[in-house]
Amino acid sequence: MVETTWPHHGRCLCEAVTVTVDCDLAPVSFCHCSQCRRQTGLYYATTSAPTSAVHISGEEHVSRHRSSPDAERGFCRHCGSALFWKADGEEIISLMAGLFDKPTGLTGGYHIYCADKGDFYDISEALPAFDASKT
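Residues numbered from 1 in each chain as written. Predicted model: local features only at pLDDT ≥ 70, side-chain atom pairs only at ≥ 80, totals over all residues. Heavy atoms only, no water.

A. Representation of the pairing of strand E6 (residues 62-68) in the model. Relative to strand E7 (residues 71-76), E6 runs antiparallel, the two sharing 6 bridges. Across the sheet, residue Arg 66 finds its bridge partner in E7, namely Glu 72. Hairpin connection of E6 to E7: 2 residues between the antiparallel strands. (Pairing = 2+ DSSP bridges. Helix = DSSP H or I, 4+ residues; strand = E, 2+ residues; numbered from the N terminus.)

Shown next as structure tokens:
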């Protein structure tokens, strides 16, 4: 976890949805799977926190998409900003790192699903890289 002063505040592009996190944020995970690429155009960059520490205001503006049988993605129904990825039954939620106001205190953690990455870029950072999930 990245130890910074919290709460952390974030928002979607149109500010209809705001996010407050009342704990330290995890290092950033970079997901290169085809679903993340299709949603964002490149790859997902997420941090994570326990769902109990995450407060979403403007919930009525959040749409959810079942991206797989065991997970959903949340996005703002007005501006289309990707907000989160959440596995069913998990007590952790992955939040888009770009939502948060500076200074975030975030650092890079690792790359996942590298075997599925797009063919138009390279992963050249000195972070651990996994062909599939880290777990």
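B. Up close: the environment of Pro 50. If you trace the backbone, Pro 50 turns up in strand E4 (residues 44-50). Excluding residues within four positions of it along the chain, Pro 50 makes contact with Cys 23, Glu 91 and Ile 92. (Contact = heavy atoms within 4.5 Å.)

C. Representation of the state of the cysteines. Summed over all chains, the structure comprises 0 disulfides. Cys 14 takes part in no disulfide bond, and the closest cysteine sulfur, belonging to Cys 12, lies 3.7 Å away. Since its relative accessible area comes to 38%, Cys 14 is described here as partly exposed. Just so you know, Cys 36 is unpaired, no disulfide at all, and the nearest cysteine sulfur is the one on Cys 33, 3.6 Å from it. (Disulfide = S-S within 2.5 Å. Buried < 20%, exposed > 50% of the residue type's maximum accessible area, 1.4 Å probe, protein only.)

D. Region of interest: the nonpolar core. Counting residues in hydrophobic clusters, the biggest one holds 28 residues, and the most contacted among them are Val 19, Val 21, Val 54, Leu 83, Leu 95 and Phe 100. For this core, the secondary-structure elements that each account for two or more residues are strand E2 (18-21), strand E3 (28-31), E4, strand E8 (82-87) and strand E9 (92-96). Beyond its immediate chain neighbours, meaning those up to four positions away, Phe 100 contacts His 8, His 9, Gly 10, Val 19, Val 21, Leu 25, Thr 47 and Leu 95. (Core = buried A, V, L, I, M, F, W, Y, C linked by side-chain atoms within 4.5 Å.)

E. Quick peek at the sheet that holds E2. The strand order across the open sheet formed by 3 strands is E1-E2-E5, and the pairing between neighbours is antiparallel. A single partner strand is all that each edge strand has here, and the edge strands are strand E1 (8-11) and strand E5 (54-57). Neighbour-to-neighbour, the strand axes of this sheet turn through a mean angle of 20 degrees, independent of strand direction. Bridge count for E2 against E5 is 4 bridges, and the pairing is antiparallel. Paired with Thr 18 across the strands is Ser 57, a residue of E5. (Axes fitted to C-alpha atoms, helices over the stretch in contact; angles between N-to-C directions.)

F. Local environment of the environment of Thr 46. Residue placement: Thr 46 occurs in strand E4. For Thr 46, a relative accessible area of 8% corresponds to the buried category. Each C-alpha atom of the pair Thr 46 and Leu 83 lies 9.4 Å from the other, and the pair is 37 residues apart in sequence. Leave out the neighbours within four places in its chain, and Thr 46 touches Pro 27, Val 28, Ser 29, Ser 94, Leu 95, Met 96 and Ala 97.

G. Expanded view of the pattern of salt bridges. Counting across every chain of the model gives 6 salt bridges. The partner of Arg 11 in a salt bridge is Asp 101, with the nearest N and O atoms 2.4 Å apart. Placement of Arg 11 in strand E1 and of Asp 101 in the loop between E9 and strand E10 (108-112) is noted, with a sequence separation of 90 residues between them. With relative accessibility at 32%, the residue Asp 101 sits in the partly exposed group. (Salt bridge = Lys/Arg side-chain N within 4 Å of Asp/Glu carboxyl O.)

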